[in-house]
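Residues per chain, in single letters:
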Amino acid sequence: SDFLSVVRVERIRGLAYDNDPESHGALNHVLKRICKLCRKAPDGGNFVPFIKTCLDLTGMPYYNVKASSIEALGKLYLVNPDELDDASANKLLRFFDSEASEIRSATASAWSDIAISNPEKAVNAISPAYRLLQDDDPNVRAESAGFFHSLADEECGECTVALPLLRKLKDNDPDVLVRERAGAAVLAIDNSFGSLF
């Protein structure tokens, strides 16, 4: 926990407030490594202080820093689901409307993680995630389909609204990853929905 504290307070903030693109690249790398460590650690509670740090970083003007922070929040909330309060959830929901495709994609990815550990909150992301299934950017469409796949196991009934569009993407999207993710989401929803009867 002392190591994590030093990284959070000294390294992350220093890299975030440096205007050098290399510092932002290093920050993205640090955040990804923290997320990997977080998922392997026996106690995710040691990573709770990073939640506030990442929430603060989402206010930075740099798209890549913002996107990395949003993705990191998804991983942090995955292992600390009780830390996601309404104010933070509402803040994360607003990023679905970002003008930057990398932020929209990161937001859908973060909500995919949240859907696994906190499906009650993730239901609030269904409408914006559904909208992003029709996004111009294939990465955004793929991450949005991934959100429905993640949520299907927990809140299947809520996901059925996306089935017609997911089926269309599975059969007709020009991007291979979108077709794969949409197909996986359709299968997960069909399987979960079928198990209800």
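Structure: see above.
Model, not experiment: these values are computed from the prediction. (Residues numbered from 1 in each chain as written. Predicted model: local features only at pLDDT ≥ 70, side-chain atom pairs only at ≥ 80, totals over all residues. Heavy atoms only, no water.)

Secondary structure assignment for the protein yields 12 helices and zero strands. When the elements of the protein are put in sequence order from the N terminus, they spell out α-α-α-α-α-α-α-α-α-α-α-α. Scored against the burial criterion, the 197 residues of the protein give a buried share of 49%. Sequence-distant contacts in the protein: of pairs separated by 6 or more residues, those separated by 24 or more amount to 64%. (Helix = DSSP H or I, 4+ residues; strand = E, 2+ residues; numbered from the N terminus. Buried < 20%, exposed > 50% of the residue type's maximum accessible area, 1.4 Å probe, protein only. Contact = heavy atoms within 4.5 Å.)

Spanning 15 residues, helix α9 (residues 138–152) covers 21 Å between terminal C-alpha atoms, matching the ideal 21 Å at 1.5 Å per step. Taken as a whole, α9 has its buried residues at Val140, Arg141, Ala142, Ser144, Ala145, Gly146, Phe147, Phe148, Ser150, Leu151 and Ala152. For α9, the N-terminal cap is Asp137; the gap from its side-chain oxygen to the backbone nitrogen of Asn139 is 2.7 Å. (Expected span 1.5 Å × (residues − 1). Polar contact = N/O pair within 3.5 Å; in protein donor to acceptor, adjacent residues only side chain to side chain.)

Under the criterion given, the structure shown has two aromatic pairs. Where Phe147 meets Phe148, the ring centres are 5.2 Å apart and the plane angle is 75°; that geometry is what we call edge-to-face. In terms of burial, Phe147 and Phe148 fall into one category: buried. (Phe/Tyr/Trp six-rings, centres within 6.5 Å; stacked < 30°, edge-to-face > 60°.)

With that out of the way, let us pick up helix α11 (residues 163–172). Helical geometry: 3.6 residues make up each α-helical turn, so side chains three or four residues apart lie on a common side. Looking at α11, one finds that the buried residues are Leu163, Leu165, Leu166 and Leu169. Projected down its long axis, α11 shows its buried positions confined to an angular sector of 165°, all on one face. Looking at α11, the residues exposed on the side facing more than 90 degrees away from the buried face are Pro164, Lys168, Asp171 and Asn172. (Arc of directions from axis to C-beta.)

Turning to the packing of helix α6 (residues 101–117) against α9, a few remarks are in order. One way to put it is that α6 packs onto α9 with a least axis distance of 8 Å and a crossing angle of 10°. Taken together, the axes of α6 and α9 are roughly parallel relative to one another. For the pair α6 and α9, contact is made by Ser101, Arg104, Ser105, Ala108, Ser109, Trp111, Ser112, Ala115 and Ile116 and by Asn139, Val140, Glu143, Ser144, Gly146, Phe147, Ser150 and Leu151, respectively. Here the residues of the contact of α6 with α9 sort into seven nonpolar, eight polar and two charged. (Axes fitted to C-alpha atoms, helices over the stretch in contact; angles between N-to-C directions. Parallel < 35°, antiparallel > 145°, perpendicular 65-115°, else oblique. Nonpolar A, V, L, I, M, F, W, Y, C, P; charged D, E, K, R; others polar.)

Okay, the environment of Lys170 next. Assignment of secondary structure puts Lys170 in helix α11. Measuring from C-alpha to C-alpha, the distance between Lys170 and Glu180 comes to 6.7 Å, with 10 residues separating the pair along the chain.

A separate point is the nonpolar core. If you look at the biggest cluster of nonpolar residues, it comprises 61 residues, and the most contacted ones within it are Leu92, Trp111, Phe147, Phe148 and Leu166. Leaving out residues up to four positions away in the same chain, Leu166 has contacts with Leu133, Ala145, Phe148, Ala182, Ala185, Val186 and Ile189. (Core = buried A, V, L, I, M, F, W, Y, C linked by side-chain atoms within 4.5 Å.)

Attention shifts here to the packing of helix α4 (residues 63–79) against α6. Two elements in contact, α4 and α6, have axes whose closest approach is 7 Å; the angle formed by their N-to-C orientations is 5°. Relative to α6, α4 is oriented roughly parallel. Contacts from Tyr63, Lys66, Ala67, Ile70, Glu71, Gly74, Lys75, Tyr77 and Leu78 of α4 reach α6 at Glu102, Ile103, Ala106, Thr107, Ser109, Ala110, Asp113, Ile114, Ile116 and Ser117. Broken down by class, the residue content of the contact of α4 with α6 amounts to 10 nonpolar, four polar and five charged.

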